[in-house]
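Next come the chains, spelled out residue by residue.
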Amino acid sequence: MKISKTMQSALNNQITLEANASNSYLAMASWCEITGYEGGASFFYAQSDEERTHMLKIVRYLNGLGVPAVIPATKLPASNFKSLESILKTALNSEQIVTAAIHKMVEIAQKEKDHSTYAFLEWFVNEQVQEETKFETLIQKFELIGRDKLAINEIDKILAASATVSTPA
Ligand code: FEO
C-alpha cells in the first residue's frame, strides 16, 4: 500500500501534534497536582495518556504501511498557569488546532483518493468532536456554577469524574 509523500508528511506532523498535546496535558496535570486540584490532576493525567494513544495509533499506521514513523522531540510545554479555567480554555484551543490539522488531512486524502487513510482518519474526526465537546462543557461549568472557591472545588470534583482514557480501537 502506497501513500503520497504529502500524506506521509501530514501524518508525521500529526504525530508531533499528538506528542506535544500529551506533554502539554502532562504539564497541566502536574500543575493541578501541585496546586491542590486533585480532580484536575486526574483528568489531565488521563488526557495525557489518551493523547499518547493517539500518537501511537498514527505511528503504527505508518509503520504498518512500511513508511517509517518519525518520533519527534517534544516542545517544552507551558508549565505555569493562572487558573483551572484558563487551563481548560488553553486545552480547548489546542484541541481546535488538532481538529483543523485532522480535517486538513481528510481533505488531502479525498483529493488524492487515498481511501485507506481516509478510513483511518474517520476515527480521529469523531474523536475530535467528542474532545471539543468535552472541554466546552467543562468550561461552561464556570458560568453555571461560578468562580468562587466552593464552585471551583465542585468543578474540580467534576473533572475527577471525567478522568477517563478512551483507547482507540
Ligand atoms: Fe489527540 Fe485530543 O487530540
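A brief report on the enclosed structure follows. (Residues numbered from 1 in each chain as written. Predicted model: local features only at pLDDT ≥ 70, side-chain atom pairs only at ≥ 80, totals over all residues. Heavy atoms only, no water.)

1. Observations concerning the packing of aromatic side chains
Counted only if it meets this: What counts as a ring pair is set by centres within 6.5 Å for rings of Phe, Tyr and Trp (its six-membered ring), and what kind of pair is set by the plane angle: stacked under 30 degrees, edge-to-face over 60, tilted for all other angles. Numbering of helices and strands runs from the N terminus, with a helix taken as a DSSP run of H or I at least four residues long and a strand as a DSSP run of E at least two residues long. The classification of residues rests on relative accessible area computed with a 1.4 Å probe and restricted to protein chains. Under 20% of the type maximum is buried, over 50% is exposed, and intermediate values are partly exposed. A positively charged side chain is recorded as over a ring if its NZ (Lys) or CZ (Arg) lies within 6 Å of the ring centre. The angle to the ring normal must also be within 35 degrees.
What the rule picks out here adds up to 10 aromatic pairs. The interplanar angle of 25 degrees and the centroid separation of 6.4 Å between the aromatic rings of phenylalanine 44 and phenylalanine 135 together place this pair among those described as stacked. Of the two residues, phenylalanine 44 sits in helix α2 (residues 38–64) while phenylalanine 135 sits in helix α4 (residues 115–145), which places them 91 residues apart along the sequence. Phenylalanine 135 shares its class with phenylalanine 44; the two are buried. Across from the ring centre of tryptophan 123, 5.2 Å away, lies the NZ or CZ of lysine 57, which sits over that ring.

2. Focus on the environment of threonine 164
We count it as follows: Residue contacts are counted whenever heavy atoms from the two residues lie within 4.5 Å of one another.
Along the chain, the position of threonine 164 falls in the segment after α5 (149–161). Each C-alpha atom, one on threonine 164 and one on tyrosine 45, is 9.4 Å from the other, the two residues being 119 residues apart in sequence. Setting aside residues up to four positions removed in sequence, threonine 164 forms contacts with Ala46 and Glu50.

3. Points about α4
Convention followed: Each helix should span, by expectation, one fewer than its residue count multiplied by 1.5 Å. Here the bend at each residue means the angle between axes fitted to two seven-residue stretches, the one ending at that residue and the one beginning there.
For α4, spanning 31 residues, the distance from its first C-alpha to its last is 46 Å, which sits close to the expected 45 Å at 1.5 Å a residue. The principal kink in α4, of about 30 degrees, is found at leucine 121. Buried residues of α4: Thr117, Phe120, Leu121, Phe124, Glu127, Gln128, Glu131, Glu132, Phe135, Leu138, Ile139 and Phe142, and no others. Among the structural elements, α1 (5–35), α2, α3 (84–111) and α5 are those in contact with the buried residues of α4. One or two residues past the end of α4 sits glycine 146, with phi positive at roughly 120 degrees.

4. Notes on the nonpolar core
Quick note on the threshold: Residue types Ala, Val, Leu, Ile, Met, Phe, Trp, Tyr and Cys, when buried and joined through side-chain atoms within 4.5 Å, form a set referred to as a nonpolar core.
By size, the foremost hydrophobic cluster in this structure holds 23 residues, and its most contacted members are Ile3, Leu11, Ile15, Ile58, Leu62 and Phe120. Sorting the residues of this core by element identifies α1, α2, α3 and α4 as the ones contributing at least two each. Those residues in contact with phenylalanine 120, other than ones at most four positions away along the chain, are Leu11, Lys57, Ile58 and Tyr61. Grouped together as the second largest cluster of nonpolar side chains are 22 residues, Leu88, Leu92, Leu138 and Leu159 included.

5. Observations concerning the pattern of salt bridges
As a reminder, the rule being used: Any Lys or Arg side-chain nitrogen located within 4 Å of an Asp or Glu carboxyl oxygen qualifies as a salt bridge.
This structure, assessed with the given rule, holds 5 salt bridges. We note a salt bridge from arginine 147 to glutamate 85, for which the minimum N-O separation is 2.8 Å. With arginine 147 in the loop between α4 and α5 and glutamate 85 in helix α3, this pair connects stretches of sequence that are 62 residues apart. Using a relative accessible area of 41% as the deciding quantity, one classes arginine 147 as partly exposed. A residue is classified by how much of its surface remains accessible, and glutamate 85, at 13% relative accessible area, is buried. Its salt-bridge partner being lysine 157, residue glutamate 154 comes within 3.1 Å of it at the nearest N-O pair. Residue glutamate 154 and its partner lysine 157 are located together in helix α5, separated by 3 residues, close to a single helical turn.

Everything listed here is a matter of coordinates, which is why it stays silent on function.
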